[in-house]
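These are the residues of each chain, in order.
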Amino acid sequence: MSTASDQPYPAVDKPDFPAIETRILARWDEAGTFQRSIDERPEENEYVFYDGPPFANGLPHHGHLLTGYVKDAVPRYQTMRGKKVDRRFGWDCHGLPAEMETEKQLGVSGRVAITEYGIDNFNEACRTSVMKYTSEWEKTVTRQARWVDFENDYKTMDIDYMESVIWAFKQLWDKGLIYEANRVMPYSWGAETPLSNFEIRLDDATRPRQDPAVTVAFELTPNEGDPGVMKMLAWTTTPWTLPSNLGLIVGPDLDYSVMELNGEYLILGSATVANYEKELEGAVEHSVVKGVDLLERTYTPLLPYFADRDDLNAFRVLSGDFVETEEGTGIVHTAPGFGEDDQRIGEENGVGMVVPVNDQGRFTDEVTDFAGQNVLEANSDIIKHVKALGQLIKHETYEHNYPHCWRTDTPIIYRALPSWYVKVTDFRERLVELNQEINWIPDNVQNGRFGKWLEGARDWSISRNRFWGSPIPVWRSDNPEYPRIDVYGSLDELEADFGVRPDNLHRPYIDELVRPNPDDPTGQSMMRRVPEVFDCWFESGSMPFAQVHYPFENKDWFEEHYPADFIVEYINQTRGWFYTLHVLAGALFDKPSFQNVICHGILLAEDGQKLSKKLRNYTEPTEIFDKQGSDALRWYFMNSNIVRGGDARISDRGIDEVTRQVMLPVWNAYSFFTLYANIDGYRAQLRTDSTDELDRYILAKLRSVIEATTEAMDSYDLAGATAQITTFLDALNNWFIRRSRDRFWGPEMTEDKQNAFDTLYTVLINFLKLSAPFLPMITEEIYTSLTGEESVHLAAWPEADDFPADPELVENMDRVRTVVSAALRLREDQGLRVRLPLQTLTVAGSDSGALDPLSHLIADEVNVKNVAFSEDLGAFAEFALQPNGKVLGPRLGGDVQKVFGAAKQGAWSQNDDGSIEIAGYTLTPEEFTLNVKPAEGVTAAALPSNDAVVVLDIDVTPELEAEGLARDIVRAVQEARKTEDLVVTDRIALTLDLTEAGAAAVHAMEAYVCEQTLATSIGYGTVDNGHDAAGVGTLSFTVANS
RNA sequence: CGAAACGUAGCUCAGUCUGGGUAGAGCACCGCUCUGAUACAGCGGGGGUCGAUGGUUCAAGUCCAUCCGUUUCGACCA
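Residues numbered from 1 in each chain as written. Chains lettered and ligands numbered in written order. Predicted model: local features only at pLDDT ≥ 70, side-chain atom pairs only at ≥ 80, totals over all residues. Heavy atoms only, no water.

Looking only at helices and strands, one finds 34 helices and 39 strands in chain A. At 41 Å, chain A has a C-alpha radius of gyration far larger than the 31 Å of a compact globule built from 1042 residues. Once the C-alpha set of chain A is aligned to its principal axes, its extents read approximately 125 × 80 × 60 Å. By the burial criterion, 54% of the 1042 residues in chain A qualify as buried. A separation of at least 24 residues holds for 77% of the contacts in chain A among residues at least 6 apart in sequence. As presented, chain A carries roughly 45000 Å² of accessible surface, and 46% of it is formed by carbon and sulfur atoms. (Helix = DSSP H or I, 4+ residues; strand = E, 2+ residues; numbered from the N terminus. Rg over C-alpha atoms; globule rule 2.2 N^0.38 Å. Buried < 20%, exposed > 50% of the residue type's maximum accessible area, 1.4 Å probe, protein only. Contact = heavy atoms within 4.5 Å. Areas by Shrake-Rupley, 256 points an atom, 1.4 Å probe, with all protein chains shown as cover.)

Here is the structure:
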């Protein structure tokens, strides 16, 4: 016996996976293993991975975890392949969410309040609050065993990063790809900010609201031939936009009725006349005209605040394809400053734009009657005013779904704001071309979701009217009489013109850079920065170069390492980060930004709903980490088709299943090995030269699993890789180890035992390497315990060529497994338990003799004395005809059904040349297959390969019966040993109290019983309170260690 | 409203592109078996009108059409 001190491996306990993980994380931290995994790889063999920055001011959730696991698994694999993979964490610091959070904290809300509070104070508050959750992120990311560099992170609010961002803007400006335009956006006057479409779609943001719906009359400028005063009736639910009315829109193909009423002629859509029964009481239809006939007529402004603005080219009847007659009058009043369609129609017809509404949603002084009033509150006054003018036809209340600001709960309005654009439409085709150079996983995204998005790309609005962001680096003359625009792309350029070098590019400091306009001879006008800041998506799209402060630093490195090898995010980033990276890459460098990209799917809760904090329909990540561990969760995700772009539900049961199906089997293979290696005090060697067929089998299997896993990983198919590993794990545990068990039991260290140890060890070590990217902590624990090395993640990925190929052996072994399955099924059918030995099993089929070298495995598994092989299949089996429809269909047409029918009936015969006569046709060998089925009266079963049968001799002789009984008793002893908590090496003195048959059976096989049960002696006598002995008596024993 | 993806066993999903004959796997359930690894595993069973309807075809889970349902997207969500 060995003692603990000479045990070569640490004893293996029942695993507590979360505890093991925590220990491994601490060890990595102390040893700096992550840094070593980078430092020890050659500089010239770099693999570039971009870590997309999350919003810094939110907590990590399951979606981030999922992406994080992929972000970790691929770099770990590449590191093992010898690549140097830097992994810098990034923080997306700017943007509206950050400002919102700060407003909430400070209790300061809205543009005015922020300005009063001080932009400097506000932005400083943003700066501190935005990093509030970084420690939470670091904790979670570390706990999930993601290796990321937090020390050397990048932040979009760093001055270096921001300088690269303005550099990019300047580049685009110089290429003529930047322009400024008014753009109608959803606008919250409560928050004094434009909102995204995304925000107005938030839960509950859009809900029913009652608004006035008014029909008002616009008097047309008289034309020759008019029957009299003509008025066009327009319907609107936003009376407050009437002061800004600049046009009326008709559908060119629609019919419009001219209704005579009290000497006036009212025009409205013919289909809508019925809606105005009351208002048109007594009216007579004078005529019907087409919309196209009304085009370009002019009218008197209803509310004449802009009546003398000839430059607006306004107050005309215009054409719009969206005009409908289901509601309203078929005539749409348009105010280009306050609606997206309105803006488009205005632009198409050369109509200008007025926006007499300020940031607080109040009318400006231009609207003299209502100046200072909130536009929605002004609605009723405007209606009264129109009524007084005699132009109000109808006033109703209208309930519709209306968007609200999700933060202030005020109704939003649509309003034009100046905005800076990237002219994506100018280089859209090139973006489509460059997309073809990217390897997308799944591949349908390339020309599907992403490709289609690119084809329909619109110009990209990149500015926001906010405070906390990189500044749009445009300085403009404050006197339009002396126009001048300067754009700056670096601190140097700013310093050259303004005489100071900014040490902070944020507002308000950047706004303090002001200088006289060089183009103004009077010296009065000044160059001032425009107020906008960048949309944070422009900043995250700049990440590849901005994180290294390109081109101000790292110029050569960036140019040699762009595009990136790999990125991963969830599928909806086709509109987000994937897109902004691609646009900026195309515009700035005429290259794609990344070569390989995984778009994983969307994570849903177990109930199929989206993950929702409100519904609490998922288990918190921390709870999963504590109970099941991160590796189980990681494998669960990596083995799911969510990493192939599909959606997936997260289920606690699914994660438990990973523990049972993957983690525990891995652990038990390890535990098995160390248990017996420690008993023998044997330290195993890495060797692949064993000649034992089981060893050669598992080594050859290992070779093919290395090939398959490597191939899957190289094509970024993580689910495929994990599936390969699972299949191998089954062969390792449930065939190799199970079949090899007795090789580890002998008391002596034989050559065979040594082979078994070394092979199992070699296979385990390499298996752990293959699994390391997917189970980084559990494999680390096992690998380091077995090898004493520092880390599996510092090891090299296995090479398939280092392991012997033996396809023939693998094939035969797999065939043995099917023979065994078939034989066990026969036993079951016959009710013959496996412990009862049978005399003979015959494998009948051509070339069945190839299994002869492995026959002892069959004999042992099936418990038969002899395994025979026969080439004479016909002696044991009949054949069933399976016509090949794919070939016969085209030849026979409808008659193919007759052939199938006849085959089913068995109405066919085989000719000497092997062809088949059936239903009047002759089938050539490629037109059918013959399936084996056991002959009548033979206990036999066909193999799935359909070319052989397994025949079992079911004659049970008294000798066999006795031997079976002896084995039953051995089994009972083993069971009792387990119950009494004996160590597997404990020797016993056994006492049996059996029936005559039982005693006879044991007598006949005493040596066998002793060997199997580690009994040093067997006594026969009375046993009180013993264990059941296979139903033929009782047994007891005492430990008799020598 | 528009677009896309999906819909196959109680659950998670293969198979559908390229049509071929009793529709598969894993899990769960039931029974049996094995166990000198306290893990498991092996064998068997029940469980499916392949979302619905119609069409094309000798033949449809697979191709076409329509419909229904779920999810996502419709320019600030991993």
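The strands that make up a sheet are held in pairs by hydrogen bonds between backbone atoms, and each pair lies either parallel or antiparallel. Taken together, the 4 strands give an open sheet; going across it, the order is β4-β3-β14-β16, and neighbouring strands pair in antiparallel fashion. Each edge of the sheet is formed by a strand with only one pairing partner; in this case those strands are β4 (193–194) and β16 (460–461). As paired elements, strand β3 (residues 178–188) and β4 share 2 bridges and run antiparallel to each other. Across the sheet, residue Y187 finds its bridge partner in β4, namely P194. (Pairing = 2+ DSSP bridges.)

The next thing to look at is a negative patch on the surface. On the surface, a cluster of negative charge is made up of D39, E43, E44 and D86. Residue placement: E43 occurs in the loop between α2 (33–39) and α3 (62–80). Judged by its relative accessible area of 54%, E43 is exposed. (Patch = residues over 30% accessible without salt bridge, like charges linked within 9 Å, V, L, I, M, F, W, Y side chains within 5 Å. Salt bridge = Lys/Arg side-chain N within 4 Å of Asp/Glu carboxyl O. Lys, Arg positive; Asp, Glu negative; His and termini not counted. Charge placed at Lys NZ, Arg CZ, Asp CG, Glu CD.)

Further remarks concern the domain arrangement of chain A. Assigned domains of chain A: these are domain 1 (205–407), domain 2 (813–952) and domain 3 (958–1039). The straight-line distance from the C-alpha centre of domain 1 to that of domain 3 is 101 Å. (Domains from an automatic or database assignment.)

A few words on the state of the cysteines. Counting across every chain of the model gives 0 disulfides. We note that C93 lacks a disulfide partner, and the nearest cysteine sulfur, in C536, lies 10 Å from it. (Disulfide = S-S within 2.5 Å.)

What follows concerns the protein's contact with RNA strand B. Neighbouring residues of RNA strand B: 65 residues in total, closest T67, R464, Y570, W745 and R971. Among the atoms of RNA strand B close to the protein, meaning within 4 Å, 59% are from sugar or phosphate groups. Contact distances for RNA strand B include 3.2 Å between a phosphate oxygen and a side-chain N or O atom of R660. The biggest single contributor to the surface near RNA strand B is helix α23 (residues 652–680), with 8 residues. Taken together, the residues that form the surface near RNA strand B break down as 20 nonpolar, 24 polar and 21 charged. (Near = heavy atom within 4 Å. Polar contact = N/O pair within 3.5 Å; in protein donor to acceptor, adjacent residues only side chain to side chain. Nonpolar A, V, L, I, M, F, W, Y, C, P; charged D, E, K, R; others polar.)

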